[in-house]
Amino acid sequence: MVHYATVATCVLNQWALDFEGNYQRIKESIVQAKALGARLRIGPELEIPGYGCYDHFLESDTVLHSWDVLAKLLTDRTLDDILIDTGMPLLHRNTRYNCRILIHNGRIVLIRPKLYLADDGNYREPRWFSMWSRTAYVEDFVLPRSITRITGQHTVPMGDALVDTEDSCIGVELCEELFTPESPHIAMSLDGAEIIINSSGSHHELRKLHRRVELIREATLKCGGIYLYANQRGCDGDRMYYDGSAMVLSNGAVLAMSEQFAIGDVEVVVATVNLSAVRSFRAASASRSVQAARGATKYPRVRLAFSLSAEQAGFDCSAVPTQPIENARFHTPAEEINLGPACWLWDYLRRSNQGGFFLSLSGGIDSCSTAVIVHSMCHLVVDACHRGDMQTVADVKRIVGDDSYEPSTAKDLANQLLYTSYMGTQNSTAETRNRARHLATELGSYHVDLCMDTVVAAIVALFVLVAGKEPRYAVHGGSSAENLALQNIQARLRMLLAYLLAVLLPWTRGKRRSLLVLGSANVDESLRGYFTKYDCSSADLNPIGSVSKADLRKYIAYARDHMGLPVLDEFLGAVPSAELVPYSSEYTQTDEDEMGMTYDELSEYGKLRKIERCGPYSMFVQLLHLWKDKELSAEQIASKVKRFFFFYSINRHKMTTITPSYHAETYSPDDNRFDLRPFLYDSRWEWQFRRIDEAVKKIQEESK
């Protein structure tokens, strides 16, 4: 007999501690799932309070209000006749757990706590939750009296169990558990679970989605079964962007998948799956049947008098099975940079109640990339408005401050939301000024071109008055201290002026809201510390702070070719330069010359330091092999490694004040969440560098 069941997973743009908004989005997703014929709906991890509550999870109010929201879901009779999976924190015997709660027709079916907690990279779940340490085990959970009055239940099962419906069996796997070597879905599927549901809070990183999809595909290809994956979307109050991509897979095939990047608040993905196909797929594997027959793990079962498939006997011609997606497409890194940070910026803008963005354009590729990402955001917003997304329409009118405003094009919207300025000095060139002006014109930003020499001169004059000596640039005979101080004055004054203009430029146009100041330092410059503290490190937001220079170059080439922006060609050929010292025939300031290393080398150092977890000696050893085609001697490689670690260590303190940046790269040096290290180092690295010197000496002796 053929059993078709319609199931739904969803993507919700939740916001930490926005209990009212989170409730409305959860309810809307359930209503949509029911309207599409689904009998099972799953949602993102911790969708009731929002995943990014962090230390607010330690507050009793967060648990209390989560129960309040669950109570509203339980009492709403319009949400009956569908099995609902939702998520919240709760206390059991004075211990806090991250839980999935399955409810049906106003009653709680099962509370399933998380077995394995994420505790690496950006994740710190053990700080707030305990893991449920006993697999295939349940015990009674005593409900709050407010919930008992609604459900009539005093206790409900809590633990690692399967849910038996009248026609199938459901197992629960929670986010991190999928990524563990001994994932629960293996034992569950061997014990008869035909549908695995996974609620996740997984953030975006470049090139990450393919790995996520392949893990689920391999799980269902090896074990057979239906796999539903739900994820959060958007910026819920921090550096991460949760990239959706809810999906339904069956026996190794992708049946349905949501958008990875979008600005809508609710997206429901529905698929009609064939439960009989799961059974025949599994029964055809003799080795799987042997393992299942052994019965290594027997799960407790919670019985539910409810069926996922049609009630009538025989063939149901109204149910049409969902066909697999052929060649599911993944975004290229350039497309990810174009879309992810753009969605993140929009969420931050509309939730911060500010009036737009201010960006200082230098004429270089970094600030250019930031501007183009805002341009991409404007495209997404205008497209959503033209599709009739009323939430986005309302957000645009509120931000712009005009109830009658309707954006016609991305350029039109950019003129309302993006303010740019070229802040030149006597050290700036006509080339960078013209590039900035051309870009602003092409994107439609409200642009101001100014010369700040009088402000710089005033600061220098004040120092001369106080100290009785006038500092000079190195090209004029000054010391390195004088040269650095004069450069930093310009850089820091730009940020001071940026915040002034961010408040007053909208005022000059009759607008009431201030602007968010955007920074433009890339991940490689942050790693090396090649930026001025309290300049680009002190903006409100930085959409490219975790993106490498190499990826930014590829992104600008992509935007030139696919977004109708030929002006970007001017930036691709430009040599990166801070333009903070006077030009001379003997010296032209360029970034790579000043750093003493190339951007490509910095990316290599960053990946080895963070991803491969290399210290100075291990990095040297690996580079001996990775750079064997570069015709560099062991001594030259050693010198490069030492130079990197010297500048990395003396500049690490800058990361304590770094602008909150969109998290995109696995080797991000962000000190505040992702890359936890000291900021006071012994920059001599005596022991480590001595080991390198010994290795170089040995290599030289062996080569004689």
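Here goes a summary of the coordinates provided. Remember, predicted model here, so these are calculated numbers, not experimental data. (Residues numbered from 1 in each chain as written. Predicted model: local features only at pLDDT ≥ 70, side-chain atom pairs only at ≥ 80, totals over all residues. Heavy atoms only, no water.)

**Quick look at the layout of surface pockets**
Size it by volume and the second largest pocket reaches roughly 880 Å³. Lining the second largest pocket are 32 residues, and of these D120, E205, R211, T666 and F674 lie nearest its centre. Tallying contributions element by element places helix 19 (residues 599-611) first for the lining of the second largest pocket, with 4 residues. Of the residues that constitute the lining of the second largest pocket, the class distribution is 10 nonpolar, 7 polar and 15 charged. (1 Å grid on protein atoms, 1.4 Å probe; cavity = no way out; pocket = protein on both sides within 12 Å on 5 of 7 lines; lining within 4 Å. Points joined across faces, edges and corners; volume = space filled by probe spheres on them. Helix = DSSP H or I, 4+ residues; strand = E, 2+ residues; numbered from the N terminus. Nonpolar A, V, L, I, M, F, W, Y, C, P; charged D, E, K, R; others polar.)

**A few points about empty space enclosed by the protein**
Using the criterion set out here, one finds 5 cavities of 30 Å³ or more in the structure. For the second largest cavity, the calculated volume is near 60 Å³. Grouping the constituent residues of the lining of the second largest cavity by class yields 4 nonpolar, 5 polar and 1 charged.

**Considerations on the sheet that holds strand 19 (residues 446-451)**
With parallel pairing, 4 strands are arranged side by side in an open sheet as 19-18-17-20. The outermost strands of the open sheet, each flanked by one partner alone, are strand 19 and strand 20 (516-518). Within the sheet, the average angular offset between the axes of one strand and its neighbour, ignoring direction, is 25°. Across 3 bridges, the pairing between strand 17 (residues 357-360) and strand 20 is parallel. Within the sheet, the bridge partner assigned to F357 lies in strand 20 and is L516. Helix 11 (residues 410-417) rests against strand 17, strand 18 (418-424) and strand 19 of the sheet, and its axis sits at about 65° to strand 18. (Pairing = 2+ DSSP bridges. Axes fitted to C-alpha atoms, helices over the stretch in contact; angles between N-to-C directions. Contact = heavy atoms within 4.5 Å.)

**Considering helix 11**
Residues of helix 11 that are buried: A410, L413, A414, Q416 and L417. End-on view of helix 11: buried residues confined to an arc of 160°, all on one side of the axis. Close packing links the buried residues of helix 11 with helix 8 (333-352), strand 17, helix 9 (365-386), helix 10 (390-400), strand 18 and helix 12 (430-443). (Buried < 20%, exposed > 50% of the residue type's maximum accessible area, 1.4 Å probe, protein only. Arc of directions from axis to C-beta.)

**Points about the environment of Y123**
Topologically, Y123 is positioned in the loop between strand 5 (107-113) and strand 6 (138-142). Residue classification places Y123 among the buried positions, given a relative accessible area of 11%. Residues Y123 and H203, spaced 80 residues apart in sequence, show a C-alpha to C-alpha distance of 10.0 Å. Each residue touching Y123, except ones within four places of it in the same chain, is listed here: Y51, A118, G201, S202, H203 and K208. Among the polar contacts listed, one links the side chain of Y123 to the backbone nitrogen of H203, at a separation of 3.3 Å. (Polar contact = N/O pair within 3.5 Å; in protein donor to acceptor, adjacent residues only side chain to side chain.)

**Describing the pattern of salt bridges**
Evaluated as defined, the whole model comprises 40 salt bridges. Between R279 and E194 there is a salt bridge; the shortest N-O distance is 2.7 Å. With R279 in helix 6 (residues 275-283) and E194 in the loop between helix 4 (184-190) and strand 10 (195-200), the pair connects residues that are 85 residues apart, well separated along the chain. A relative accessible area of 30% means that R279 is categorised as partly exposed. With a relative accessible area of 10%, E194 lands in the buried category. E601 is the partner of K640 in a salt bridge, and the nearest nitrogen-oxygen pair spans 2.9 Å. Of the two residues, K640 is situated in helix 21 (residues 634-651) and E601 in helix 19; the sequence distance between them amounts to 39 residues. Among the ionic contacts, a cluster of salt bridges with common partners joins D164, D191, K298, R301 and R303. (Salt bridge = Lys/Arg side-chain N within 4 Å of Asp/Glu carboxyl O.)

By themselves, these are just geometric observations and shouldn't be taken as functional.
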